[in-house]
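One-letter residues, chain by chain:
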Amino acid sequence: MNASPCLPPYVGKTTVYIDQNVLTMAVKGHDPAFFTSLLDRFQVIYSDETLREIKRSGQPNKFLAALDSLNAMHFRYQVNDSFEPTGEMILHEVPPVQAYDNYLQAEPVYDIMLAAAHQTTLKLYGGRSDSTFTEIASEQIDAFDGLIKSLSAPLAQLDHTHPHLRASIEQYLQILQSQYEQVSVMSAAEMRKHISDERDQSGVKNYRASVGLGPKELNNIKPPRVIEKIWQAYQNLDGYRDRGYSIENFLGIAATPLYSRDMHVHEKVTAIYNLLNVIGYKTDSKLKRGSRYVAAISDAAHAAIGSRAHILLSADEVFVDKVRTIYEFLGVTTEVGLVSLVDGRVLIKSK
């Protein structure tokens, strides 16, 4: 976790990443003494996902003021000279209002890409019932192509400011585009395995019915080592038995020839979080609804970013249970606290 790509590792206060529901408590004025203590003892951090949720709230000024009152610092992923993610993070001491303005400038292109990328999984949950996976894959590829084209003008400006960077960026974007097209086609093919008639069906329901396991069975699995216990329940089922699958294959975090490196920890967190939603362990509810699915994507992003903080706080018990399960499996040392409001006081429950 670095304060800057060129500076030594951050050695300030213990970092605490707060979920949106905890930030909402601050906005509503609950237990000011708790948040004063948080400010005094820790370095509060937030991310672009925080800013995305702030925009969706329709009340950005209130949330930005709350972040400012907590002296919160912006936390984002670091990239190397080839603009590839390093797995490390950067802390920015920038006013939340400025960070929000920066986010808004980049948001239109990013959101088009993000929305397209998640349409396959949304359909898997029963949404997008009027579209086929093939149609959605085509949309995703078109969206990524649009993203690449939108960067042409900014890249041309590098000829005047940083000419040595342009070739590296263009090469990286070409690699990303090729990988994305392959993943989109492969994803559509995989989804069709679980939906015979692509319209008006829930692939998740079909999948759970076909393996004979779902939320009822999985949510009775108790810690510790929940993920290992889940894999023990799946590995001898049809579709997994005698296929040479490892637990990493099952979780979607195994090495793949599409990429030239192992997945970073935050990427593994995202993959496992989404897999647990699909199979039904502590799953988020009503995911075929676009708004609920967007909220679940934000939760996965918070879980990933939180894995690089010292402490993660959330008031969502299902989220906390799932994140603790994932962090335990991956060996992530982030302390995850469940926040609750009791008689006007904000309390934290650790494991």
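Residues numbered from 1 in each chain as written. Predicted model: local features only at pLDDT ≥ 70, side-chain atom pairs only at ≥ 80, totals over all residues. Heavy atoms only, no water.

So, the environment of Trp231
Then step 1. Among the secondary structure elements, Trp231 is positioned in helix 12 (residues 226–234).
Then step 2. On the basis of relative accessibility, which here comes to 9%, the residue Trp231 falls in the buried class.
Then step 3. As a C-alpha pair, Trp231 and Phe250 span 19 residues in sequence and 7.6 Å in three-dimensional space.
Then step 4. If sequence neighbours within four positions are ignored, Trp231 has contacts with Tyr240, Tyr245, Ser246, Ile247 and Phe250. (Helix = DSSP H or I, 4+ residues; strand = E, 2+ residues; numbered from the N terminus. Buried < 20%, exposed > 50% of the residue type's maximum accessible area, 1.4 Å probe, protein only. Contact = heavy atoms within 4.5 Å.)

Concerning the packing of aromatic side chains
Then step 1. Inspection of every chain in the model, using the stated rule, returns nine aromatic pairs.
Then step 2. Measuring from centroid to centroid gives 5.0 Å for Phe34 and Phe35, while their planes differ by 85 degrees, and the two rings are edge-to-face. Assigned by exposure class, Phe34 and Phe35 land together as buried.
Then step 3. Relative to Phe250, the ring of Tyr240 lies with its centre 5.6 Å away and its plane at 75 degrees, an arrangement referred to as edge-to-face. Taken together, the residues span a long stretch of sequence, with Tyr240 in the loop between helix 12 and helix 13 (247–251) and Phe250 in helix 13 at a distance of ten residues. (Phe/Tyr/Trp six-rings, centres within 6.5 Å; stacked < 30°, edge-to-face > 60°.)

Looking at the packing of helix 14 (residues 265–279) against helix 16 (residues 317–330)
Then step 1. Interaxial distance between helix 14 and helix 16 falls to 10 Å at its minimum, and their mutual angle equals 130 degrees. Put simply, helix 14 runs oblique to helix 16. For the element pair helix 14 and helix 16, the recorded crossing hand is right-handed. Contact residues: helix 14 offers Val265, Lys268, Val269, Ile272, Tyr273, Leu276 and Asn277, while helix 16 offers Phe319, Lys322, Val323, Ile326, Tyr327, Phe329 and Leu330.
Then step 2. Its residues assigned to classes, the contact of helix 14 with helix 16 comprises eleven nonpolar, one polar and two charged. (Axes fitted to C-alpha atoms, helices over the stretch in contact; angles between N-to-C directions. Parallel < 35°, antiparallel > 145°, perpendicular 65-115°, else oblique. Left-handed = near helix turned anticlockwise from the far one by under 90°. Nonpolar A, V, L, I, M, F, W, Y, C, P; charged D, E, K, R; others polar.)

Some points on unusual backbone geometry
Then step 1. Across the junction of Pro223 and Pro224, the peptide omega takes the value 5 degrees, indicating a cis bond.
Then step 2. Within the element layout of this structure, Pro224 appears in the loop between helix 11 (215–218) and helix 12.
Then step 3. Despite not being glycine, Asp242 shows a phi value in the positive range, around 60 degrees.
Then step 4. For Asp242, the location among the structural elements is in the loop between helix 12 and helix 13.
Then step 5. Overall, the relative accessible area of 75% leaves Asp242 in the exposed class.

Looking at the confidence of the model for the protein chain
Then step 1. Taken residue by residue, the protein chain gives an average pLDDT of 80. The fraction at 70 or more is 66%.
Then step 2. Every residue in residues 3–7 scores below 50 in pLDDT, and together they form nine contacts with partners more than four places removed in sequence or on other chains. (pLDDT = per-residue confidence, 0-100.)

Some thoughts on the sheet that holds strand 4 (residues 85–92)
Whether parallel or antiparallel, the strands of a sheet pair through hydrogen bonds between backbone atoms.
Then step 1. Strand order across the open sheet formed by seven strands is 4-3-2-1-5-6-7, with mixed pairing between neighbours. Each having just a single partner strand, strand 4 and strand 7 (345–349) make up the two edges of the open sheet. Put simply, the sheet's adjacent strands are angled 35 degrees from each other on average, direction ignored.
Then step 2. With five bridges connecting them, strand 3 (residues 73–79) and strand 4 associate as antiparallel partners. Considered in strand 4, the bridge of Phe75 is made with Leu91.
Then step 3. Where helix 16 meets the sheet, it contacts strand 5 (311–314), strand 6 (335–342) and strand 7, and its direction lies at approximately 165 degrees from that of strand 6. (Pairing = 2+ DSSP bridges.)

What to know about the nonpolar core
Then step 1. Residues Ile230, Tyr234, Phe250, Leu251 and Ile279 are the most contacted members of the largest nonpolar core, which totals 47 residues.
Then step 2. Here the element with the most residues in this core is helix 14; it accounts for eight residues.
Then step 3. Counting residues in hydrophobic clusters, the runner-up holds 27 residues, among them Met25, Ala66, Tyr100 and Val339. (Core = buried A, V, L, I, M, F, W, Y, C linked by side-chain atoms within 4.5 Å.)

Thoughts on the pattern of salt bridges
Then step 1. Going through the model one piece at a time under the given rule, you end up with five salt bridges.
Then step 2. Salt-bridge contacts for Arg52 lead to Glu49; the nearest nitrogen and oxygen are separated by 2.5 Å. Placement of both Arg52 and Glu49 in helix 3 (residues 48–57) is noted, with a separation of three residues, approximately one turn of the helix.
Then step 3. Here Arg52 falls in the buried class, since its relative accessible area comes to 7%.
Then step 4. Residue classification places Glu49 among the buried positions, given a relative accessible area of 7%. (Salt bridge = Lys/Arg side-chain N within 4 Å of Asp/Glu carboxyl O.)

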